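Chain and residue survey
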Amino acid sequence: MMLNLIPAPAYVKNHEGTYIGCNEAFAKLLGRNPDEIRGSNDYDLFPRSIADKLLQLDSELFYASSSVNPQQQVDARLVKADGTMIMVRLQRMLQNLDEQNGPVISAVAVDFTEELQQEHQRSVSLITAAAAEMAIQTIEGMLDPVIILNDQGLVERVNKGYIDAVGPAKEIIGRHVSRLFPDLGVTAVADMLIQCKEIGRIRNLETRLMDAQGQLLPVLVNISKLRDSQQAINGFVVAIRDVSSLVAASEQLREKQRKLDALLNAADDAILLLDRHGIIKSGNRALSERYHNTLDTILGQNYADITNPAGREEQLFFIDEICAQGKPRRIEFEHNGRVYYNSGYPIFNDAGQVDEIAVFSYDITDRKRGEQLQRALYSISEAAYFAKDVQSLFTIVHKILSKLVSIDNLIILLRDTVTGYLECPYYKVIAPGSKEHDPEERAFHASLVDNLLNKGKALLLNQEDLQKILDTKDLPRPKQLPQQWLGVPLMNGAGVKIGALVTHRYQDDQLYGEEDRKILNFVSSQIAMAIERRLNEDELRTKNRQLQLLTEGTILALVRSVEIRDPYTAGHQQRVALLAREIGKKLGLREDRVEAVRIAALLHDVGKISVPTELLSKPGKLSELELMLIRQHPVESYNILRNIQFPYPIAQFVLEHHEKYNGSGYPAGLQGDAISLEAKIICVADVVDAISSHRPYRPSRGIEQALAEIREHAGTLYDPEVAAVCISLFKEGFSFADYEVPQAAQQLPLH
């Protein structure tokens, strides 16, 4: 190859940056095989930074290809195969080897690495000599004491800083430097000087310096070799820093640290310091007590490993998230039956990375239990309003108490306010061989409750206590004595004992504790008030029902009085009430408005009691005067009903039930929206039943004729919406026959 005829290292690269040839000298320069170089590019042979620079130089040379005989001389760094950095001077030029492949770069390299090193060494020598000479001058101006020693450690000179801090120079010049450092001694100082010759410097040696008055000052000592321009060791420079203030500050810092440790150890909550991997680096007394181990044993362990195993992954995630996000994070977890709340705070290093985590761990078991009790009280209070009856309330209370103290068996006994006897409305007991209605079991618990209520406080009895009571008192004996019996009096808001809660356990593997007794005692007042409220509401509901029945009876009596005077219309008012009620439902009225429509429909003809009987049953056509008397019955109905206190204006509905949609009705000639919706409904129902029923003056015209009347006059005589709903009801199968009653006085109208 022609390149091998060139004695200097040489290579050829194409426009793509690929080495298409090189000589042995270039390959040897790089410590590589020529075949290894051919076909490679700069990125294959050198680090990226060097390859980027060579690529830039190639580009510049190719860019200059338009000029005549483009050449380039540059100094560049190259890296040999063994990693050694070399400096070369490249003489490069563009050549056209053939027209097909275009121009290539041919280059000759001159290695001047050794020359640079020699030049650098000369510079270092000059700098060292200058520095040594300058150091002597600089030492004089330094405020800190500085001592210059000869090769044997004898003091040759000191600066003004030494004289100011220690004393006159004549006391030490020519003497061994160890006299100034009595804590070290001659041998130790001599050994340090030998070490300094070998390694060049002794840094930050902590010792004490004796001044001219014999006082020992805490100092930091730095010893350096002193060289002349030929680098022969002339001696040593001893720089001394008085650290009395630093020592005092350090002592203050240690005192503060002791106080901080005392504060941390006085804290009831655990405080610990973790590294970024969760390893415990520091902790306080509360941490040691929580995990029942010495702090020395805990330190070095992973925090996730000493907590509840079930929450290990959650703890690891807690630590990882703080490190990843660099933000505080909180976690709540359980350990050995207690609930803890951890707040973790990142601690950053100088590079801005999370290096450590400070964790404050609070025991929130009592707070959680308080919240649980508050929720229980709220649930009990809420149940008093929403439970459908007192038995449902007892069941809800049982469920709530089971969550608080794991109650399986629950007995609720209440004292009858009239007889004074204890009754047992709720008895849920799971016991071997016991029956839910076992009278002896119930009597046994009732007897203990009598004693409980007499004492007026909660009782927690074990099996031995129960046996003593049975031995000393004549009480019913259950088939099996419980392992524990816990009773709590129920006192209402006035402090009156209305009964008791009783629970007991037959197994001794999980017994009640004093905490359970306190919890039941705490919620018992709320339970008592809830039970009393529920009982009072049930009693009030019963009385309201009785009053409703009485009202129904009174209404039916009024209806019956009209039917007795007009037997041809017997059942008319009930049928009108039935149809009116169904129309109201289909119109989407509220239940209470539907009931108002029904009552008004039952009473709509009560005013006919003032109409002469002969007119009511007259078979022929009525005169104008007789019609006027008949049409007066809505007003008479109003006068009869207006002083009765109904929830809705029943009297007004009855007064308007003969008004017509177009104003042609009576007694006031109201029209449209001036007529109440309830009256419009009664009007349509009244017409349907009247036409489809037998009358003294005509036979029944049938339900079809009645509906035809409604359909024909909807929007004129009758409200169009009410009329449409009435017609649709009959299309859907409504029939008076489905609701027919033989006699109104024998059966209440359906609701």
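See above for the structure.
One structure accompanies this document, and this report is about it. (Residues numbered from 1 in each chain as written. Predicted model: local features only at pLDDT ≥ 70, side-chain atom pairs only at ≥ 80, totals over all residues. Heavy atoms only, no water.)

1. Quick word on the nonpolar core
We apply this condition: Here, nonpolar core refers to any group of buried Ala, Val, Leu, Ile, Met, Phe, Trp, Tyr and Cys residues whose side-chain atoms link them within 4.5 Å. Using a 1.4 Å probe on the protein chains alone, a residue whose accessible area is under 20% of its type maximum counts as buried, one over 50% counts as exposed, and one in between counts as partly exposed. Think of it this way: any DSSP run of H or I at least four residues long counts as a helix, any run of E at least two long counts as a strand, and we number them from the N terminus. Residue contacts are counted whenever heavy atoms from the two residues lie within 4.5 Å of one another.
Among the nonpolar cores identified, the biggest contains 44 residues, and Leu579, Ile583, Ile650, Val688, Ile710, Cys726 and Phe730 are the most heavily contacted of them. Taken together, the elements giving at least two residues each to this core come down to helix H18 (572-586), helix H19 (591-602), helix H23 (650-655), helix H24 (677-692), helix H25 (702-713) and helix H26 (720-731). With eight residues, the top contributor of residues to this core is H24. Those residues within four positions of Phe730 in sequence are excluded, and the remaining contacts are Leu579, Val688, Ile703, Leu707 and Phe736. One finds Ile380, Val397, Ala458 and Leu520 within the second-largest nonpolar core, a separate group that totals 34 residues.

2. A few points about the sheet that holds strand E19 (residues 484-491)
Applied cut-off: The rule for pairing is simple: two strands pair if DSSP sees at least two bridges between them. Angular values range over 0 to 180 degrees, each being the angle between N-to-C directions of two axes fitted as lines to C-alpha atoms, with helices fitted over their stretch in contact.
With antiparallel pairing, five strands are arranged side by side in an open sheet as E17-E16-E20-E19-E18. The sheet is open, and its two borders are formed by strand E17 (422-428) and strand E18 (459-462), each paired with just one other strand. Looking at each pair of strands side by side, their axes are set apart by 15° on average, direction ignored. Judged from the eight bridges that link them, E19 and strand E20 (residues 497-505) form a sheet pairing that is antiparallel. Across the sheet, the residue bridging to Gln484 is Arg505, located in E20.

3. Digging into the packing of H25 against H26
For the record, the criterion: Throughout, the term roughly parallel applies to angles under 35 degrees, roughly antiparallel to angles over 145, roughly perpendicular to angles from 65 to 115, and oblique to all others. Helix crossings get a hand from a simple test, with the near helix turned counterclockwise from the far one by less than a right angle marking a left-handed crossing and a clockwise turn marking a right-handed one. Polarity classes work like this: nonpolar for Ala, Val, Leu, Ile, Met, Phe, Trp, Tyr, Cys and Pro, charged for Asp, Glu, Lys and Arg, and polar for all others, with Gly in that last group.
Running from amino to carboxyl end, H25 crosses H26 at an angle of 155°, the nearest separation of the two axes being 9 Å. One way to sum up the angle between H25 and H26 is to call them roughly antiparallel. H26 is crossed by H25, and the crossing has left-handed handedness. Together, Ile703, Leu707, Ile710 and Arg711 of H25 and Ala723, Cys726, Ile727 and Phe730 of H26 make up the contact between the two elements. Within the contact of H25 with H26, the residues separate by chemical class into seven nonpolar, no polar and one charged.

4. What about a nonpolar patch on the surface?
This is how it is decided: For patches, a residue must show more than 30% relative accessible area and have no salt bridge; joins then use 9 Å for like charges and 5 Å for nonpolar side chains, namely Val, Leu, Ile, Met, Phe, Trp and Tyr. Working definition of accessibility: Shrake-Rupley area with a 1.4 Å probe, residue cover restricted to the visible protein chains. For salt bridges, the criterion is a side-chain nitrogen of Lys or Arg within 4 Å of an Asp or Glu carboxyl oxygen.
On the surface, a cluster of nonpolar side chains totalling about 330 Å² of accessible area is made up of Leu625, Met628 and Leu629. When you line up the elements, Leu625 lands in helix H21 (residues 624-630). With relative accessibility at 59%, the residue Leu625 sits in the exposed group.

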